[in-house]
Amino acid sequence: MTDEKARENFLKYGNPDGKGSFAVGIALPNFLQKEEYQIQVLVAFFILIIIIVPSLFLNQITANEKDVGGVDVDNRKIFTELINENMLMKHIPGVLAHSYEFSQMKVRSKDELEILKRIKELDEVKEAIPTSKQDAKKGPVQVKPICLIMGYMYNIIEKRDLDNEGIAKDLEQILRTVPSYFDIMLQQVMMMSQMFKMGRSPKKITARNIMTIIQFSQNMMQCGFVNKDPYAQLPGFDAEACKKIKGILNGKNLYQYCLLDKDARKAIAPQIFGSDHAKIFEDQERCIEALPLVKLKMTAEVEGEDEAVVGDILTCKLRVEFVKLQKGTRSGYVHSKHYPYLKKDNWFLIITDE
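Q: Any chance you could explain the side chain of lysine 144 here in plain terms?
A: Inspection of the secondary structure puts lysine 144 in helix H8 (residues 143-153). One polar contact links lysine 144 to aspartate 170, side chain to side chain, over a distance of 2.4 Å. Contact partners of lysine 144, with chain neighbours within four places excluded, come to Met105, Lys106, Val107, Arg108, Glu112, Leu116, Gly166, Ile167 and Asp170.

Q: Honestly, the packing of aromatic side chains in this entry has me stumped. Any pointers?
A: To describe a pair of aromatic rings, you give the distance between the ring centres and the angle between the ring planes. The full count for this structure, using the stated rule, is 11 aromatic pairs. Judged by centre distance (5.2 Å) and plane angle (40 degrees), the ring pair of tyrosine 154 and phenylalanine 225 falls under tilted. In this pair, tyrosine 154 sits in the loop between H8 and helix H9 (165-197) while phenylalanine 225 sits in the loop between helix H10 (207-222) and helix H11 (239-248), placing the two residues 71 residues apart along the sequence. Through a chain of ring-to-ring contacts, three or more aromatic side chains come together here, namely Tyr154, Phe182, Phe216 and Phe225. Its end group placed over the ring of tyrosine 333, lysine 344 keeps NZ or CZ at 4.7 Å from the ring centre.

Q: In this structure, what is going on with a negative patch on the surface? I would like to understand it.
A: The grouping of Glu305, Asp306, Glu307 and Asp312 at the surface amounts to a negative patch. Looking at the element boundaries, aspartate 312 is found in the loop between strand S1 (294-301) and strand S2 (315-322). Judged by relative accessible area, aspartate 312 falls into the partly exposed class, the value being 31%.

Q: Looking at this model, I keep getting lost on the confidence of the model for the protein chain. Mind explaining?
A: Low-confidence regions, as indicated by low pLDDT, have predicted coordinates that should not be scrutinised in detail. On average, residues of the protein chain carry a pLDDT of 87, and 91% of them reach 70 or more. Averaged pLDDT values for the elements of the protein chain fall to 57 in helix H7 (residues 132-135) and rise to 96 in H8.

Q: How do you make sense of H11 when you look at a structure like this?
A: Note on helix geometry: an α-helix contains 3.6 residues per turn, so any two residues three or four positions apart are oriented the same way. If you check which residues of H11 are buried, you get Ala241, Cys242 and Ile245. Along H11, the residues classed as buried sweep out an arc of 100 degrees about the axis, all on the same side. The outward face of H11, more than 90 degrees from its buried face, is lined by the exposed residues Ala239, Lys243 and Gly247. In this structure, the buried side of H11 is in contact with helix H12 (254-258) and helix H13 (262-273).

Q: Explain the environment of aspartate 67 to me, please; I cannot follow it from the model alone.
A: Locating aspartate 67 in the fold gives a position in the loop between helix H2 (38-64) and helix H3 (74-82). By relative accessible area, aspartate 67 is classed as buried at 15%. Among the polar contacts listed, one links the side chain of aspartate 67 to the side chain of arginine 76, at a separation of 2.6 Å.

Q: What's the story with the pattern of salt bridges in this structure? I'm lost.
A: Working definition: two side chains of opposite charge can pair if their charged atoms are close together. In the structure shown here, the tally under the stated rule is 13 salt bridges. One salt bridge connects lysine 246 with aspartate 229, and the closest N-O pair in it is separated by 2.4 Å. Of this pair, lysine 246 sits in helix H11 while aspartate 229 sits in the loop between H10 and H11, placing them 17 residues apart in sequence. Taking relative accessible area as the criterion, aspartate 229 reaches 18% and is therefore assigned buried.

Q: Would you explain the nonpolar core in this entry?
A: Among the nonpolar cores identified, the biggest contains 48 residues, and Phe79, Leu96, Phe182, Met185, Phe216 and Met220 are the most heavily contacted of them. Those elements that provide at least two residues to this core are H3, helix H4 (92-97), helix H5 (110-120), helix H6 (123-128), H8, H9 and H10. If you tally residues by element for this core, the top one is H9, at 12 residues. Among residues more than four places away in sequence, those in contact with methionine 185 are Phe79, Ile83, Ile92, Val95, Leu96 and Ile213. Listed in part, the 20 residues of the second largest apolar core include Leu254, Tyr257, Ala269 and Leu293.

Q: Can you walk me through the packing of H11 against H13 in this structure?
A: Two measures define how a pair of helices packs: the angle their axes make with one another and the distance between the axes. It is the contact of H11 with H13, at a shortest axis distance of 9 Å, that shows an interaxial angle of 135 degrees. When the axis of H11 is compared with that of H13, the two are oblique. Here H11 runs over H13; the crossing is right-handed. Counted together, Ala241, Lys244, Ile245 and Ile248 of H11 and Ile268, Gln271, Ile272 and Phe273 of H13 form the full contact between these two elements. In terms of residue class, the contact of H11 with H13 is made up of 6 nonpolar, 1 polar and 1 charged.

Thresholds applied
- Residues numbered from 1 in each chain as written.
- Predicted model: local features only at pLDDT ≥ 70, side-chain atom pairs only at ≥ 80, totals over all residues.
- Heavy atoms only, no water.
- Helix = DSSP H or I, 4+ residues; strand = E, 2+ residues; numbered from the N terminus.
- Polar contact = N/O pair within 3.5 Å; in protein donor to acceptor, adjacent residues only side chain to side chain.
- Contact = heavy atoms within 4.5 Å.
- Phe/Tyr/Trp six-rings, centres within 6.5 Å; stacked < 30°, edge-to-face > 60°.
- Lys NZ or Arg CZ within 6 Å of the ring centre and 35° of its normal.
- Patch = residues over 30% accessible without salt bridge, like charges linked within 9 Å, V, L, I, M, F, W, Y side chains within 5 Å.
- Areas by Shrake-Rupley, 256 points an atom, 1.4 Å probe, with all protein chains shown as cover.
- Salt bridge = Lys/Arg side-chain N within 4 Å of Asp/Glu carboxyl O.
- Lys, Arg positive; Asp, Glu negative; His and termini not counted.
- Charge placed at Lys NZ, Arg CZ, Asp CG, Glu CD.
- Buried < 20%, exposed > 50% of the residue type's maximum accessible area, 1.4 Å probe, protein only.
- pLDDT = per-residue confidence, 0-100.
- Arc of directions from axis to C-beta.
- Core = buried A, V, L, I, M, F, W, Y, C linked by side-chain atoms within 4.5 Å.
- Axes fitted to C-alpha atoms, helices over the stretch in contact; angles between N-to-C directions.
- Parallel < 35°, antiparallel > 145°, perpendicular 65-115°, else oblique.
- Left-handed = near helix turned anticlockwise from the far one by under 90°.
- Nonpolar A, V, L, I, M, F, W, Y, C, P; charged D, E, K, R; others polar.

See below:
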């Protein structure tokens, strides 16, 4: 460039002609520019910027703050406050009833109230309802979820009760939600146990409390409060069949029965199930193939030593072998004659010095 001014403009602005400018405009409908519509435009702008946009942002944040199974994160705090070292299985429905989701359950009609009153007459249900002293810790509890939980576990909710839309809807919510609650409770109980050992919690949570929650969960999945015999988990085993098989097998337990050869089980099927044994036996075999039957082998040793003494590092090895699981396959869903939804099995390794 021979023109010094053009050269200077090019170096400074990137253009030989010097500094340039441009304008940007937004096309708006003509009525928005009219004076008589100014108030409506300002109100709409206020609602959009001050209310709608922040609400969408807040909803997005809260949607991401969900716990196991999509339940509210505040349930961890609620359960942690209510769980203590004296917790028994009869206390668990009351703890669950304080959850964020279950505490919202209301009695919607007189018919619902009559159904709940009938369920509440059972002594075991009355025992599960917290007393006024227990309520003082967290405020009054909703009795409805307690009645539905206990009514389901004692199998006293009748088919006609489920014709009531409110009862059916809330029971479905309970059954779909409790597996997530049990997972949360177990995580919190294990954390509280560690905190006590470190001197950071006054609650003496032990392995007994952990087992209480696990056993309650098992009873809920398998209707264990009614069908107390482990054989009742298999198709076709009512109280009479459970009694017969124990006499035939000289007291062998369910695990030992499931590990028998299929032909051995088939040979005794007529004695247990009578004339309908063929169909029941086939259903039973499909169930046994799906059960998580395992063999456990545990060793504890000090490497390079024959004996363990104080100060040694003890190496513990636990081997879990699925007996019925084929190579290349995984365990499936829990089998239950009672629980109506899919649920994966859970395994817990509890090491305690109690």
